[in-house]
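# Descriptive structure summary
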Amino acid sequence: MEEHKINQIGEYLFTDKHTYELAKLELEKIDKLKQSIRMESPENIRKVYEGLTKKLFFSTPIGIGFLADMRKYLVEIYGEREIAPIPVPAGRVVKGIRGKTVDVERYKKLKTESERIKQLKNKLVIAVVALCVMVIGMLFIAITNENVGYFRTEEKIVNKYAAWEERLYNWEQELNEREASISHF
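Residues numbered from 1 in each chain as written. Predicted model: local features only at pLDDT ≥ 70, side-chain atom pairs only at ≥ 80, totals over all residues. Heavy atoms only, no water.

## Details of the pattern of salt bridges
In the structure shown here, the tally under the stated rule is three salt bridges. We note a salt bridge from Lys24 to Glu21, for which the minimum N-O separation is 3.7 Å. A residue pair is termed a helical-turn pair when its members lie 3 or 4 positions apart in one helix, as Lys24 and Glu21 do in helix H2 (residues 17-36) at three residues. Owing to a relative accessible area of 34%, Lys24 belongs among the partly exposed residues under this scheme. For Glu21, a relative accessible area of 32% gives the class partly exposed. Arg46 serves as the salt-bridge partner of Glu50, at 3.0 Å between the closest nitrogen and oxygen. With Glu50 and Arg46 both in helix H3 (residues 42-54) and four residues apart, the pair spans about one turn of that helix. With a relative accessible area of 29%, Glu50 lands in the partly exposed category. (Salt bridge = Lys/Arg side-chain N within 4 Å of Asp/Glu carboxyl O. Helix = DSSP H or I, 4+ residues; strand = E, 2+ residues; numbered from the N terminus. Buried < 20%, exposed > 50% of the residue type's maximum accessible area, 1.4 Å probe, protein only.)

## Let's talk about H2
Across its 20 residues, H2 extends 29 Å between first and last C-alpha, which sits within 8% of the 28 Å expected from 1.5 Å per residue. For H2, every residue scored as buried is listed here: Thr19, Tyr20, Ala23, Glu26, Ile30 and Leu33. For H2, the buried positions fall inside an angular range of 130° around the axis, keeping them on one side. In H2, the exposed positions that point more than 90 degrees away from the buried face belong to Lys32, Gln35 and Ser36. (Expected span 1.5 Å × (residues − 1). Arc of directions from axis to C-beta.)

## Notes on the environment of Phe66
Counting through the fold element by element, Phe66 comes out in helix H4 (residues 61-78). Each C-alpha atom of the pair Phe66 and Tyr49 lies 9.8 Å from the other, and the pair is 17 residues apart in sequence. When sequence neighbours within four positions are dropped, the list of residues in contact with Phe66 reads Ile30, Leu33, Lys34, Leu52 and Phe58. (Contact = heavy atoms within 4.5 Å.)

## Description of the side chain of Glu26
Tracing the backbone shows Glu26 in helix H2. The side chain of Glu26 sits in the buried core without any salt bridge; Lys29 is the nearest counter-charge, 6.2 Å away. Within the structure, the side chain of Glu26 is placed 3.2 Å from the backbone nitrogen of Gly63, a separation counted as a polar contact. In this structure Glu26 touches Phe57, Phe58, Ser59, Thr60, Ile62 and Gly63, once residues within four positions along its chain are discounted. (Lys, Arg positive; Asp, Glu negative; His and termini not counted. Polar contact = N/O pair within 3.5 Å; in protein donor to acceptor, adjacent residues only side chain to side chain.)

## Observations concerning the packing of H2 against H4
Two quantities define a packed helix pair, namely the angle between the axes and the distance from one axis to the other. It is the contact of H2 with H4, at a shortest axis distance of 8 Å, that shows an interaxial angle of 30°. When the axes of H2 and H4 are compared, the pair comes out roughly parallel. Two secondary-structure elements touch here, H2 through Ala23, Glu26, Leu27, Ile30, Leu33 and Lys34 and H4 through Ile62, Gly63 and Phe66. Partitioning the contact of H2 with H4 into residue classes produces six nonpolar, one polar and two charged. (Axes fitted to C-alpha atoms, helices over the stretch in contact; angles between N-to-C directions. Parallel < 35°, antiparallel > 145°, perpendicular 65-115°, else oblique. Nonpolar A, V, L, I, M, F, W, Y, C, P; charged D, E, K, R; others polar.)

## Comments concerning the confidence of the model for the chain
Overall, the predicted model of the chain reaches an average pLDDT of 81, with 85% of residues at or above 70. Mean pLDDT in the chain bottoms out at strand S3 (residues 93-95), which sits at 51, and peaks at helix H5 (residues 104-144), which reaches 90. (pLDDT = per-residue confidence, 0-100.)

## Some thoughts on the packing of H3 against H4
The N-to-C vectors of H3 and H4 enclose an angle of 135°; their axes lie 10 Å apart at closest approach. Taken together, H3 and H4 sit at an angle that is classed as oblique. Every pair of crossing elements has a handedness; the one defined by H3 and H4 is left-handed. Side by side, H3 and H4 meet where Pro42, Glu43, Ile45, Arg46, Val48, Tyr49, Leu52 and Thr53 of the first sit next to Phe66, Leu67, Met70, Arg71, Tyr73, Leu74, Ile77 and Tyr78 of the second. (Left-handed = near helix turned anticlockwise from the far one by under 90°.)

## Side note on a nonpolar patch on the surface
On the surface, Leu131, Met134, Val135, Met138, Leu139 and Ile143 cluster together to form a nonpolar patch covering roughly 610 Å² of accessible area. As for its position among the elements, Met134 is in helix H5. (Patch = residues over 30% accessible without salt bridge, like charges linked within 9 Å, V, L, I, M, F, W, Y side chains within 5 Å. Areas by Shrake-Rupley, 256 points an atom, 1.4 Å probe, with all protein chains shown as cover.)

What follows is the structure, encoded as structure tokens:
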């Protein structure tokens, strides 16, 4: 029985934590409204009632009960036909992810945000795959092409200077042979 008192406000027992929290907020709003409304002026009460019903200000049994009390009072003064009925908000709370209840407006925002994130995720996955393919392609080119980059650079330099050294040695031999042939004369 103790657990029932946790989610109970007045004669209402809330099985849903979200609706219970909404009801607590509505109870606070009702207390503030009662303090600010001049109760001796039925016209003032009527304006407040009409404003609250047009905006669908209350959605829990606590708030709707408050509106019902206001309506009963106004019907006694003005009559049934002049006082608008209490609108009961439909679809204000929906079942969300994992069975939690969520306000419809918040649910729509979350759903659009979720769709936007999914689209962004798909774009990022495509970009990552494209970058991976490019990196693998560059590595393949770098490894297989002898003229690229710093691979085997030392070997290339040594071969280049070895070829120069061989040419110089051959030129020196030619010059020595020419010199020897000229000095014989």
